[in-house]
Amino acid sequence: MANQRTILITNIWLAQLAGSEVVVRDLALGLLRRGHRPIIYSPTLGSVAEEIAARGVPVIDDLRQLGEAPDIIHAHHSIPCGEALIRFPDVPAIYVCHAFNHWIEAPVHFPQIGAYVAVDEACRDRIVHTEGIDPKRVLILHNAVDLNRIPPRPAPLGESPRRAVAFGKTAAVPELRTACEQLGIPFDAIGATAGHISTNPEQELVKYDLVFASARSALEALCCGCAVIVCDSRGFAGMVTSQNFESLRAMNFGLRCLGDAITVEQYVQEIGHYDPADASRVAGSARADADLSKLLDKFEQLYDEVLTGARRPTITAEAHERAVARFLH
């Protein structure tokens, strides 16, 4: 077992279930199962914070509540990350970037940060090519799914799609419902824009044959054994197949693969590519590659490298003061 650590995790929101909130929840509970002491700081708390705290993980909205310094900071989002690094100027950290263009995901520049983690190539390029961070300090670790949360499917995939659902950002794409209506496929939507936020979406996803989703939502749907068409309001990438799974996974089923325009005709055509046998093969690949336990192994190794190994940062008072001034500016 890796050394047991006290790990402070930051996130801008823990009010309702969304992408980074799911990441933080699963990360914290996974680390807890491994004997670590995760603590979460978020200035905006809510139902997700309550769910995590109910499992025995301290969740705070004021860093003054911490009675001792953590061993390492696992940071998401620039503002709470900067706050934590100012509060604990001698504690090493890692910073994880989950989006190419959201302002809150912009990496901060503090000497405590021993490694920057990107979830895909686009985020890696943001860190290196728009923030000037040394590529030697950056590594890519793809998103993962806690497979323990996924129940068995109540039935195998149908020979043709019996039910379809837009999950996450795709709930805002009206063409999906029109395409499914044309094909006579019952259609639902799970997401904030649809007025249906599920606290346990995996419990619902396993009941569908076809899912429209992007980014981490697409990965969750694949691990639930669904056939997945990658899309959202930004564009369309098509059905995930055995042939394109690796390339779409490398792009996090996100921005860089969403190049095609959205039309009802295109969705109708893509639904016609539904293949339950291939979808089952893709689901097996997704579950093997995206198992949260493998990502936790990599994070534990990274913590060791930052705390005692080759990635241990050099922290001086002058460098910290400059970083604080840059952050506040």
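Now for a look at the structure at hand. Please read all numbers here as calculations on a predicted model, not as lab measurements.

## Details of the pairing of strand β7 (residues 93–97)
Line of reasoning, step 1. In terms of residue burial, β7 counts as a mostly covered element, since five of its five residues are buried.
Line of reasoning, step 2. Taking every second residue as pointing to the same face, both faces of β7 are buried, with Ala93, Tyr95 and Cys97 on one and Ile94 and Val96 on the other.
Line of reasoning, step 3. Sheet topology places strand β6 (residues 72–76) next to β7; four bridges connect them, and they run parallel. Pairing of isoleucine 73 across the sheet is with alanine 93, part of β7.
Line of reasoning, step 4. For the segment spanning β6, helix α3 (residues 78–87) and β7, crossover handedness is right-handed.
Line of reasoning, step 5. Pairing between β7 and strand β8 (residues 113–118): five bridges, direction parallel. If you follow alanine 93 over to β8, its bridge partner there is isoleucine 113.

## Thoughts on the nonpolar core
Line of reasoning, step 1. The biggest cluster of nonpolar side chains holds 59 residues, and the ones touching the most others in it are Leu8, Ile40, Ile73, Ile94 and Phe299.
Line of reasoning, step 2. Counting residues per element, this core draws most heavily on helix α11 (residues 292–308), which supplies eight residues.
Line of reasoning, step 3. The next biggest cluster of nonpolar side chains, apart from the first, holds 29 residues, and it includes Ile150, Tyr208, Ala218 and Cys223.

## Description of the environment of arginine 5
Line of reasoning, step 1. Within the fold, arginine 5 resides in the segment before β1 (6–10).
Line of reasoning, step 2. For arginine 5, a relative accessible area of 12% puts it in the buried group.
Line of reasoning, step 3. Separated by 26 residues in the primary sequence, arginine 5 and leucine 31 place their C-alpha atoms 9.2 Å from one another.
Line of reasoning, step 4. Contacts of arginine 5, omitting those with residues within four sequence positions, involve His36, Arg37, Asp71, Asp304 and Leu307.
Line of reasoning, step 5. At 2.6 Å, the side chain of arginine 5 forms a polar contact with the side chain of aspartate 304.

## Overview of the sheet that holds strand β9 (residues 138–140)
Line of reasoning, step 1. An order of β5-β3-β1-β6-β7-β8-β9 is seen for the seven strands of this open sheet, with the pairing classed as parallel. Unpaired on one side and paired on the other, β5 (59–60) and β9 mark the two borders of the sheet.
Line of reasoning, step 2. By the bridge criterion, two bridges tie strand β3 (residues 37–41) to β5 in an arrangement that is parallel. Bridging across to β5, isoleucine 40 finds its partner in valine 59.
Line of reasoning, step 3. The strands touched by α3 are β1, β3, β6, β7 and β8; relative to β6, the strand with the most contacts, the crossing angle is about 160°.

## Some remarks on the environment of alanine 84
Line of reasoning, step 1. Assignment of secondary structure puts alanine 84 in helix α3.
Line of reasoning, step 2. Sequence separation between alanine 84 and glycine 158 is 74 residues; the distance between their C-alpha atoms is 49 Å.

## Some details on the packing of aromatic side chains
Line of reasoning, step 1. Enumeration according to the criterion identifies seven aromatic pairs in this entry.
Line of reasoning, step 2. Seen from their ring centres, phenylalanine 187 and phenylalanine 212 are 6.4 Å apart, and the 50° between their planes marks the pair as tilted. Of this pair, phenylalanine 187 sits in strand β11 (residues 187–190) while phenylalanine 212 sits in strand β12 (residues 210–213); the two residues are 25 residues apart in sequence, bridging distant segments of the chain.
Line of reasoning, step 3. Through successive ring pairs, a cluster of aromatic residues spans Phe187, Phe212, Phe236 and Tyr267.
Line of reasoning, step 4. Over the face of the ring belonging to tyrosine 208 we find arginine 163, whose NZ or CZ atom lies 4.2 Å from the ring centre.

## Quick word on the pattern of salt bridges
Line of reasoning, step 1. Considering all chains together, one arrives at 21 salt bridges under this definition.
Line of reasoning, step 2. Measuring nitrogen to oxygen at the nearest pair gives 3.5 Å for the salt bridge that ties aspartate 26 to arginine 216. Of the two residues, aspartate 26 is situated in helix α1 (residues 19–33) and arginine 216 in helix α7 (residues 215–223); the sequence distance between them amounts to 190 residues. Of the two residues examined, aspartate 26 and arginine 216, each falls in the buried class.
Line of reasoning, step 3. One salt bridge connects glutamate 318 with arginine 322, and the closest N-O pair in it is separated by 3.6 Å. Here the residue glutamate 318 and the residue arginine 322 both occupy positions in helix α12 (residues 317–328), the gap between them amounting to four residues, near one helical turn. Here glutamate 318 matches arginine 322 in class, with each residue exposed.

## Notes on α3
Line of reasoning, step 1. Among the residues of α3, Ser78, Pro80, Cys81, Gly82, Ala84 and Leu85 are the ones counted as buried.
Line of reasoning, step 2. Against β1, β3, β6, β7, β8 and α12 lie the buried residues of α3.

Conventions we followed
- Residues numbered from 1 in each chain as written.
- Predicted model: local features only at pLDDT ≥ 70, side-chain atom pairs only at ≥ 80, totals over all residues.
- Heavy atoms only, no water.
- Buried < 20%, exposed > 50% of the residue type's maximum accessible area, 1.4 Å probe, protein only.
- Helix = DSSP H or I, 4+ residues; strand = E, 2+ residues; numbered from the N terminus.
- Pairing = 2+ DSSP bridges.
- Right-handed = clockwise from strand over helix to strand, strands pointing away.
- Core = buried A, V, L, I, M, F, W, Y, C linked by side-chain atoms within 4.5 Å.
- Contact = heavy atoms within 4.5 Å.
- Polar contact = N/O pair within 3.5 Å; in protein donor to acceptor, adjacent residues only side chain to side chain.
- Axes fitted to C-alpha atoms, helices over the stretch in contact; angles between N-to-C directions.
- Phe/Tyr/Trp six-rings, centres within 6.5 Å; stacked < 30°, edge-to-face > 60°.
- Lys NZ or Arg CZ within 6 Å of the ring centre and 35° of its normal.
- Salt bridge = Lys/Arg side-chain N within 4 Å of Asp/Glu carboxyl O.

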